[in-house]
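Structural overview for review
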Amino acid sequence: MIELIGASRTYKIGAIEVNALRTTNLKIEQGEFVAIIGPSGSGKSTLLHILGFLDRPDKGTYRFQGKDVTALGSKELALLRNQMIGFIFQQFHLLPRLSAIQNAMLPLIYGGKGHFQETASEKIRQVGLGHRADHVPNELSGGEQQRVSIARALVNDPLLLLADEPTGNLDSKSESEIISILEGLNHDGKTIIMVTHEKSIAERASRIIQMHDGKIVSDTYSRQPSAGMSEMAAAKHNMASQKTGLRRTAEFLDHLKQSFQSIIGHKMRSVLSMLGILIGVGAVIAMLAVAGGARESISENLSKLGSNLLMIWPESHNSRQGVSLGAGAVPSFTLEDAMAMKKLPLIRRASPYISGRVQLVYGNKNWNSRLEGTGTDYPEMKNIQVQTGRFFTEEELRSRDRVAVLGVTIVSELFGEENPLGCNIRINRVNFRVIGVLKPRGGGHWDNDDVIMMPVTTAMYRMLGRKYVDRMEVEVRNAEMIGQAQEDIKDLLAKRHHLNNEARDNVSIRDMTEIQNMLNATTKTMSWLLGSIAAISLLVGGIGIMNIMLVSVTERTHEIGLRKAIGARDSDIMLQFLIESVVMTVTGGLCGIMLGCGVAVLLSKLAEWPIKVSLFSIVLSVTFSMAIGLLFGILPARQASKLDPIKALRYE
Ligand code: ADP
């Protein structure tokens, strides 16, 4: 079954060469029970590792079942280890958080044969541990742990059992029990190769190979090998095994479970290392919720205004106070301009608009507020309604009457519970009569109800002392005619003010879509800003995760070695650690989402800010955390997957 032809293995430590195995020829047949003995450092383990596909000879050939396996790649060797070999180690190498049965199941997961539970529990019973199947290793005695590892070695029904000092860590009673189990297995046809330094144990084998200084110095048979497996039974071990869907799911679930166990096993450490991701995601969710809320309330206010409104400024925004500069300048608008615009066929309504700050006094109360002087069309255009009383009339506008309509904020500040209608208040020391109160308009981040409205004429001449209005507000009959209406308005202004073409084009007209676009641009900038904050915090979080994963790889070197010995390929180990880091970051991300939502709700309650947590931001956060896990998990996972199984198993 096994044939080494001129095989040797040399280790190089700096300039020194250690001939761990000198040129060796060896044949082992099916059903043999071979003990390899010899002093420490004589090359026993090296030979065993080569026979178990954990290592390759530098020179010579290794034939297994008649096939040359010397030059196989690490992937094929992993498959061979999984399907053909069962390892039993001196230190047992059981995974501490898994129960006996779960430990025994591991090779099946990499082998993907199915019936994990049944097969593993059958083997656990076979080694006499049926009653302790659900115990974790540190609840088991040394002898019991070694039985679990024998069950694990048997679970894939291998051709060959390799035992490296299987009784080295055991008391004499357990020692003889373990050897009896091995004898029994050999009797049933399993080929066993066992390294030991104890003569009494070696004598239980059918053949004793003695090594010294990397060479076989004697090779004796004490009895005939057992009947051995039939050719038929051996033939069922077909080396080609596909990675089945079953294997993939089982492996994935195993990794997922391991990841959670590892996180729960190191609660404090995991929480601390997730903190970066958690805070980053939380902050982004909360900020996006506030920004989204603000945006929503602004666009809601905008849409209330209707989409066919235009705002017209003379020239640029900056010179709207009537200071016209340069040759292409437009003179400021007068009330007559508004009247003329109203008469254009495409225009339904038009109103001049002027605003300023004023000081209000009623009784002994003072309040500073915004004054808005408008035409009589203005409330209808802007969807402003009176709650009690009325708006001013055309007549009052013409005669510049001192009448005012108040927003509810002013009413509550100056009048409290008193009815303001018909009362006199002083605005910038001028007496006014209150004729109406506006319906509350609400608002996002500024108060739309802290406003006092009056005829534009009163505002211009009696209050603010201006000859021109700030801007015109115009409602076009039909939203589709907005383009034409803008041209008509420009033509009208050009005619009335004798403007040249340049000045005509300088008239600035804004429609709501423009404001909407501006708003969108602002939110976009804000999103970028938030995005970069998020990126930085997630980067920091990712580095934290990478750090802890590197620690985890070092801590679990034995585990990695063992997994490789029982058939995990490099890619399986890589996947395991990637899954673990993704589980960490996604858990952090989910906690972050909860934190962010919590903070957003708190803000909306305490600061009364409108908030909106969007599904998009949640999906984005989860995706991002996942990506961070993958990105920052790659380095540790690669490191783990590249570990040499022998070194990993021997790691102190
Ligand atoms: P044994 O199992 O009989 O104690 P080993 O096969 O472990 O012996 O080792 C044989 C020799 O090879 C020893 O001198 C040991 O120091 C050396 N050796 C084993 N593994 C390595 C390695 N990875 N690097 C360098 N030297 C090694």
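Every value quoted in this text rests on a predicted model; they were computed, and no experiment measured them.

What follows is about the site of the ligand. Near the ligand you find 13 residues, and of these Gly 41, Lys 44, Ser 45, Thr 46 and Arg 650 are the closest. Gly 41 has a polar backbone atom sitting 2.7 Å from an oxygen atom of the ligand. Note that an oxygen atom of the ligand is positioned 3.1 Å from one of the backbone N or O atoms of Gly 43. Contact with the protein chains removes 72% of the 560 Å² of surface that the ligand exposes when unbound. For the shell around the ligand, the elements supplying multiple residues, two or more each, are β1 (2-13), β2 (16-28) and α1 (44-51).

Before going further, it helps to spend a moment on the packing of aromatic side chains. Tallied over the entire structure, the rule returns seven aromatic pairs. Their ring planes at 20° and their centres at 5.5 Å tell us that Phe 53 and Tyr 62 sit as a pair that is stacked. No difference in accessibility class separates Phe 53 from Tyr 62, as the two residues are buried. Each ring, one from Tyr 62 and one from Phe 64, has its centre 6.4 Å from the other, and the planes form 85°; the classification is edge-to-face. In this structure, Tyr 62 and Phe 64 share a single accessibility class: buried. Among the aromatic residues, those joined into a cluster by ring pairs are Phe 53, Tyr 62 and Phe 64. Of note, Arg 471 hangs over the ring of Tyr 353, and the distance from its end group to the ring centre comes to 4.0 Å.

Our next topic: the sheet that holds β1. Backbone hydrogen bonds are what pair the strands of a sheet, in a parallel or an antiparallel way. Read from one edge to the other, the open sheet built from four strands follows the order β2-β1-β4-β5, with strand pairing classed as antiparallel. Pairing within the sheet leaves two strands with one partner each, and these edge strands are β2 and β5 (67-68). Bridging between β1 and β2 involves nine bridges; their strand directions are antiparallel. What sits directly across from Ile 2, in β2, is Ile 28. Strands β1, β2 and β4 (59-64) of the sheet are contacted by α1, whose axis makes an angle of about 125° with β1.

How each quantity is defined
Residues numbered from 1 in each chain as written. Predicted model: local features only at pLDDT ≥ 70, side-chain atom pairs only at ≥ 80, totals over all residues. Heavy atoms only, no water. Near = heavy atom within 4 Å. Polar contact = N/O pair within 3.5 Å; in protein donor to acceptor, adjacent residues only side chain to side chain. Areas by Shrake-Rupley, 256 points an atom, 1.4 Å probe, with all protein chains shown as cover. Helix = DSSP H or I, 4+ residues; strand = E, 2+ residues; numbered from the N terminus. Phe/Tyr/Trp six-rings, centres within 6.5 Å; stacked < 30°, edge-to-face > 60°. Buried < 20%, exposed > 50% of the residue type's maximum accessible area, 1.4 Å probe, protein only. Lys NZ or Arg CZ within 6 Å of the ring centre and 35° of its normal. Pairing = 2+ DSSP bridges. Contact = heavy atoms within 4.5 Å. Axes fitted to C-alpha atoms, helices over the stretch in contact; angles between N-to-C directions.

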